[in-house]
Amino acid sequence: MNIKDRIFKNFGYKLLSVFFACLLWLVVMNTSDYQTTKEINNIPVSQLNGDVLNELDKIYEVAKGDTVDIVVKGRRSVVGNLSASDFIATADLSEMSITNTVQINVVPVDLSLKNQLSITIVDNIMSLNLEEKVKVQFPTKVRVSGEPKAGYTVGMTTASPNIITIEGPKSTVEKITEVSAAVDVSGESEDFDAYSYLTIYDAYGKPITSEKLTLSDNEAKITVNMFPVKTVPVVVNLIGAPADGFVVEETKFSPESVKIAAERSVLNSIEEIDVNNISVSGINEDLQQTVSMNTYLPDGAICAEDEDDIVISVKLAETVDKTYDVTKSAIKLVGKDSHYNYKLTLSSFKLIATGFDDVIQEVKLADFGMTVDVSKLSAGVNYNVPVNIKDIEGVSVSTSGSVNVEVTEIEDNTEE
């Protein structure tokens, strides 16, 4: 039997067996690799052409639709192993509608699967919040932490750049109250430079972080000057006088000494802090005043205390007047010339003593030791003379009326 006869022998049976084999394969395939559906969640949505909105001075935030869910249909062998990373979701912002919404599109990463899958997007809309873009400048503040070497403090700090421009959504920028750079001075006693990333703070001192904010610089160079410290006393000098009937009874201030800092040459020239402009002119009640120590420091010096205020308290007391009728016997003439006679005449002369009641009541007229100096008076003249009055602590005096001294020569009755 030749080859041809072998091939065509029982050919119908052979063809039938091939048909049944194919039919069996189709049955098996349709049984084991059936059509199925699968839900895939949280596919990140990328925004395309966002620069279109930036050119309109608008900044956007995704209100809804930054992720998307899909339902995928296809053969089990294809669908079974798919996950969110196998799909690309995009929203083209250049096609945004007047309602600030954009349609979301989803395609498989492997484009060869596109014809093997049916993709249904659960919610294919991305909603945007649009906001005005603003640009604001802030000074760069330096935040210092740590303790310097004993006997030193931080003098001056400067940041470069000292002005930072921030661009971003108006609602976020309006919350910014400070842009600062931090520097640690632990153990430092010499001037030094440091670099620090900038941090944005709100009014509550909380950092603000937003991908929508753009800073002109993200880092600043900080120059720190370290000053030696010195403790000096505080001196308070009052000016003026209280209202009539009042005197200053006591002046207190706190602190009585302070720590100051400056370059060594400046520091050596400072011996005290002189608060010399506290006025009590015309006051009739106790005074309390707070002043800043820095007001009284020379250029180049700073306060090294946490608190730089000086609290000054002035206590007043009411005064009483006591009037003395002065007689000639209460006034002593000094510097008399033996060749002259001196006649003292008082014209309604009175002495008024003013002071605290308990002091005035103890003072006698004789305590004032009143005198008139006649050493320079010449004979033949009637003089209106001043009366010298001895100072008594806590007592001020005034006089009324006048005192006159008439000087005459003593006649010589000796006969030759």
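In the block above lies the structure referred to throughout.
What counts, and where the lines are drawn
- Along every chain, residues carry numbers that run from 1 in the direction the sequence is written.
- Residues qualify for local features only when their pLDDT is at least 70, as the model is predicted, and side-chain atom pairs are given and counted only at 80 or more; totals for whole chains, interfaces and linings, by contrast, use all residues.
- To get the side-chain values, all heavy atoms of the structure are used, and hydrogens and water are removed first.
- Counting from the N terminus, the helices are DSSP H or I runs at least four residues long and the strands are E runs at least two residues long.
- Radius of gyration here uses only the C-alpha atoms, and the compact-globule reference equals 2.2 Å multiplied by the residue count raised to the power 0.38.
- Partly exposed residues are those whose accessible area sits between 20% and 50% of the maximum for their type, while under 20% is buried and over 50% is exposed, using a 1.4 Å probe and protein chains only.
- In what follows, residue pairs with any heavy atoms lying within 4.5 Å of each other are defined as contacts.
- Here the rule is simple: two strands pair whenever DSSP picks up at least two bridges between them.
- Simply put, an axis is a line fit to the C-alpha atoms, just over the touching stretch for a helix, and the angle between two N-to-C directions goes from 0 to 180 degrees.
- Each nonpolar core is a collection of buried residues, namely Ala, Val, Leu, Ile, Met, Phe, Trp, Tyr and Cys, held together in the definition by side-chain atoms within 4.5 Å.
- Salt bridges are defined as contacts in which a side-chain nitrogen from Lys or Arg sits within 4 Å of a carboxyl oxygen from Asp or Glu.

1. Description of the overall build of the protein
Next up, step 1: A tally of regular secondary structure across the protein gives 7 helices and 25 strands.
Next up, step 2: Relative to a compact globule of 416 residues, whose C-alpha radius of gyration would be 22 Å, the protein shows 51 Å and is clearly more extended.
Next up, step 3: Along the first, second and third principal axes, the C-alpha atoms of the protein reach 210 × 45 × 40 Å.
Next up, step 4: Taking all 416 residues of the protein together, 31% fall into the buried category.
Next up, step 5: Sequence separation of at least 24 residues holds for 75% of the intrachain contacts in the protein that already meet a minimum separation of 6.

2. Thoughts on the pairing of strand β19 (residues 309–318)
Regular strands place side chains that alternate from one sheet face to the opposite one.
Next up, step 1: Sheet topology places strand β14 (residues 246–254) next to β19; 8 bridges connect them, and they run antiparallel. The partner of Phe246 across the bridge, within β19, is Glu318.
Next up, step 2: Pairing analysis gives 6 bridges linking strand β17 (residues 287–292) to β19, with the strands arranged antiparallel. From the neighbouring strand, Gln289 faces β19, where its bridge partner is Ile312.

3. Details of the sheet that holds strand β22 (residues 340–355)
Strand pairing in a sheet relies on backbone hydrogen bonds. The paired strands run either parallel or antiparallel.
Next up, step 1: Judged by pairing direction, the sheet is antiparallel, and its 4 strands sit side by side in the order β20-β22-β25-β24 without closing on themselves. The open sheet terminates on both sides in strands that have one partner only, identified here as β20 (320–325) and β24 (381–384). Geometrically, the sheet is characterised by an average inter-axis angle of 10° between neighbouring strands, direction not taken into account.
Next up, step 2: Strand direction decides the pairing type here: β22 and strand β25 (residues 395–409), joined by 14 bridges, are antiparallel. Across the sheet, residue Thr345 finds its bridge partner in β25, namely Asn404.

4. Observations regarding the nonpolar core
Next up, step 1: One finds Ile166, Ile176 and Val224 to be the most contacted residues of the largest nonpolar core, which totals 24 residues.
Next up, step 2: Listing elements by their share of this core, those giving two or more residues are β7 (125–145), β8 (152–160), β9 (163–169), β10 (176–184), β11 (192–202) and β13 (219–239).
Next up, step 3: Among all residues touching Ile176, those that are not within four sequence positions of it are Phe138, Ile166, Ile200, Tyr201, Ile208 and Leu213.

5. Some words on the sheet that holds β19
Next up, step 1: Strand order in the open sheet formed by 3 strands is β14-β19-β17, with antiparallel pairing between adjacent strands. The sheet is open, and its two borders are formed by β14 and β17, each paired with just one other strand. Pairs of neighbouring strands in the sheet enclose a mean axial angle of 20°, with direction left out of account.

6. Considering the pattern of salt bridges
Next up, step 1: Overall, the coordinates contain 8 salt bridges when judged by the stated rule.
Next up, step 2: Close ionic contact of Glu178 with Arg143 constitutes a salt bridge, the shortest N to O distance being 2.8 Å. Within this pair, whereas Glu178 is found in strand β10, its partner Arg143 is found in strand β7, the two being separated by 35 residues in sequence.
Next up, step 3: Looking at Arg143, the relative accessible area reads 31%, which means it is partly exposed.
Next up, step 4: For Glu271, the salt bridge identified is with Lys230, shortest N-O distance 3.9 Å. With Glu271 in the loop between α6 (264–267) and β16 (273–279) and Lys230 in strand β13, the pair connects residues that are 41 residues apart, well separated along the chain.
Next up, step 5: Residue class for Lys230 comes out partly exposed when judged on its relative accessible area of 23%.
Next up, step 6: The network of salt bridges with common partners includes Lys141, Arg143 and Glu178.

7. Some thoughts on the pairing of β13
Next up, step 1: Relative to β13, β8 runs antiparallel, the two being bridged by 7 bridges. What sits directly across from Tyr152, in β13, is Pro228.
Next up, step 2: As paired strands, β11 and β13 are joined by 6 bridges and run antiparallel to one another. Bridge pairing in β13 links Asp193 to Thr223.
Next up, step 3: The sheet contact formed by β13 and strand β15 (residues 257–261) spans 5 bridges and is antiparallel. Bridging across to β15, Val229 finds its partner in Ala261.
Next up, step 4: Alignment of β13 against β16, held across 5 bridges, turns out to be parallel.

8. Let's talk about the environment of Ser347
Next up, step 1: Structurally, the position occupied by Ser347 is in strand β22.
Next up, step 2: Judged by relative accessible area, Ser347 falls into the partly exposed class, the value being 39%.
Next up, step 3: Taking the C-alpha atoms as reference, Ser347 lies 5.2 Å from Ser402; in sequence the two are 55 residues apart.
Next up, step 4: Residues contacting Ser347, with those up to four places away along its chain left out, are Gly401 and Ser402.

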